[in-house]
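Residues per chain are reported as follows:
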Amino acid sequence: MSRSRKADRESPACYALVHAGLESVAADEITRDLGGEVKKAEKGVVVFRVPEVGPELLRLRTIEDVFLMGWGTDSLTYRAEDLKSMRHWTAKDADWKHLLSLHHAIRPKPKAKPSYRLVTQMGGSHAYRRVDASKSLSQGLAGVFPDSWKPGEENATVEIWLTIRGRQAVCGLRLSDKTMRHRPYKVEHLPASLRPTMAAAMVRLAGAAPGDILLDPMCGAGTILAEQIELSKTRKAGRVETWGGDREMSMLRAANSNLHRVGPAMLCHWDARRLPLARESVDRIVCNPPFGKQLASPEEIGPLYRAALKECHRVLRMGGRAVFLVSEPDVLREAIKPLHWKATREMEVEVLGQPAMIGVWQKPE
Ligand SMILES: C[S@@+](CC[C@H](N)C(=O)[O-])C[C@H]1O[C@@H](n2cnc3c(N)ncnc32)[C@H](O)[C@@H]1O
């Protein structure tokens, strides 16, 4: 990414912060669902332009946050001189007035006194601290907000974020709020529950078509099923039937509460090693089975995956697709080997601070 000059009046660049590893899925969503043009997708940032900046940006499901770009660079030096550059770019390169007017068109100003919040995130070994970068941001923004605007914290009217990751930095006006990543439907949060953006990415990778049946045999709080239902709604292309189950009643109760706000799903109390389903009855399987460390005895993971995968093979139709998220990919690959499924994609991600993998497989025709 080269440092962007003043944004084009019609359509300024935007960027999305995404869960590391999901950049390509987010880029696909922006391109296909919004008609956007992606300029760059790496290190948890997707830079893009859309034909028109509007509220549909807030309906993206695989990203954590979306911003109007003030400036961006991929040539930080790690040295203290970056601070001066960042102050300068903030003051001179960004057309904050224009960006603020676009922001207000999407998120109208409240009647109460407006407030603003500056957020600085920093990763990497730089010769300056986050607080120094934050000061540069604040200095660069001198005069941007009228005196009547007060600095605020949570729920400020506008937020300007500076995100530094190694040599890369992006600075922009946040369009989203916390409801983008924390979905309103998710009233029941369980410790092992999947991030909705990750579940949305898995569902996209599964690519179920209208009329298909999608199964999550270990559905926990139902995040994957909820994201499939929401995706079908945004596409208005006809429903994908969602089936899920879990062996824990507490999980099923949580799934029931969450899905109640989203739409219909068939939920069942079952053991994924013996599913009460007919052979070849589902088109897609999307699941994040327990990680080894979530089990009472982590060594049970091998037998559990082998038995559950054998059962998935029985119920998945020929040519059907399966998407799994696991933290022990070798154990999963070992369980899949005798089934002769074809691996079509593998992506490294991080879940609860530990490395994990999302894999996509196809059952032969
Ligand atoms: C990592 S959690 C799934 C989280 C879920 N995707 C969510 O977003 O809430 C794994 C789930 O597998 C369930 N589970 C473990 N062994 C199972 C089995 N043999 N049959 C069915 N469910 C099982 C657990 O009860 C747990 O809810």
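Model, not experiment: these values are computed from the prediction.

(A) View of the site of the ligand. Near the ligand, the surroundings consist of 21 residues, among which A221, T223, D246, A272 and N288 are the closest. Separating a nitrogen atom of the ligand from a side-chain N or O atom of D271 is a distance of 3.0 Å. The separation between a nitrogen atom of the ligand and a polar side-chain atom of N288 is 2.6 Å. Coverage of the ligand by the protein amounts to 96% of the 600 Å² it exposes when considered alone. Structurally, the ligand is housed in the largest pocket.

(B) Seen up close, the side chain of K186. Along the chain, K186 falls in the loop between β8 (168–174) and α5 (196–206). The charged side chain of K186 is buried without a salt bridge, its nearest counter-charge being E227 at 7.8 Å. Of note is the side chain of K186, whose polar atom sits 2.8 Å from the side chain of S193. Here T223 takes part through its side chain, which lies 2.9 Å from a polar atom of the side chain of K186.

(C) Quick peek at the packing of α5 against helix α6 (residues 223–235). Look at α5 against α6: their axes get within 8 Å of each other, and the N-to-C directions meet at 65°. When you trace α5 past α6, the crossing you get is right-handed. Between α5 and α6, the contacting residues are P196, A199, A200, M202, V203 and R204 on the first element and T223, I224, E227, Q228, L231 and R235 on the second. In terms of residue class, the contact of α5 with α6 is built from seven nonpolar, two polar and three charged.

(D) The domain arrangement of the protein chain, seen in detail. Segmenting the protein chain into domains produces domain 1 (14–174) and domain 2 (196–362). For domain 1 and domain 2, the distance between their C-alpha centres works out to 34 Å. Taken together, the contact between domain 1 and domain 2 spans 14 residues of the former and 15 residues of the latter. Across the domain 1 to domain 2 interface the summed buried area is about 1,200 Å²; carbon plus sulfur atoms make up 56%. Ranking the residues of domain 1 by area buried against domain 2 places L22, V25 and R61 at the top, with a combined share of 46%. Inspection of the domain 1/domain 2 interface yields three salt bridges.

(E) How the structure looks around empty space enclosed by the protein. If you walk through the whole model with that rule in mind, you get two cavities of 30 Å³ or more. The volume enclosed by the largest cavity comes to roughly 50 Å³. Surrounding the largest cavity, P217, M218, A272, C287, P289, Y305, A308, L309, C312, F324 and L332 form its lining. Here the element with the most residues in the lining of the largest cavity is helix α8 (residues 301–315); it accounts for four residues. Residue classes in the lining of the largest cavity are distributed as eleven nonpolar, no polar and no charged. Considering only enclosed or pocket space, the second largest cavity measures out at about 40 Å³ in volume. Lining the second largest cavity are E29, R61, A200, V203, R204, E227 and L231. Secondary structure elements with two or more residues in the lining of the second largest cavity: α5 and α6. Broken down by element, the lining of the second largest cavity gets its largest block of residues, three residues, from α5.

Definitions and limits used
- Residues numbered from 1 in each chain as written.
- Predicted model: local features only at pLDDT ≥ 70, side-chain atom pairs only at ≥ 80, totals over all residues.
- Heavy atoms only, no water.
- Near = heavy atom within 4 Å.
- Polar contact = N/O pair within 3.5 Å; in protein donor to acceptor, adjacent residues only side chain to side chain.
- Areas by Shrake-Rupley, 256 points an atom, 1.4 Å probe, with all protein chains shown as cover.
- 1 Å grid on protein atoms, 1.4 Å probe; cavity = no way out; pocket = protein on both sides within 12 Å on 5 of 7 lines; lining within 4 Å.
- Sits in = over half its atoms within 2 Å of the grid points.
- Helix = DSSP H or I, 4+ residues; strand = E, 2+ residues; numbered from the N terminus.
- Buried < 20%, exposed > 50% of the residue type's maximum accessible area, 1.4 Å probe, protein only.
- Lys, Arg positive; Asp, Glu negative; His and termini not counted.
- Salt bridge = Lys/Arg side-chain N within 4 Å of Asp/Glu carboxyl O.
- Axes fitted to C-alpha atoms, helices over the stretch in contact; angles between N-to-C directions.
- Left-handed = near helix turned anticlockwise from the far one by under 90°.
- Contact = heavy atoms within 4.5 Å.
- Nonpolar A, V, L, I, M, F, W, Y, C, P; charged D, E, K, R; others polar.
- Domains from an automatic or database assignment.
- Buried area = accessible area lost by both parts, 1.4 Å probe.
- Points joined across faces, edges and corners; volume = space filled by probe spheres on them.

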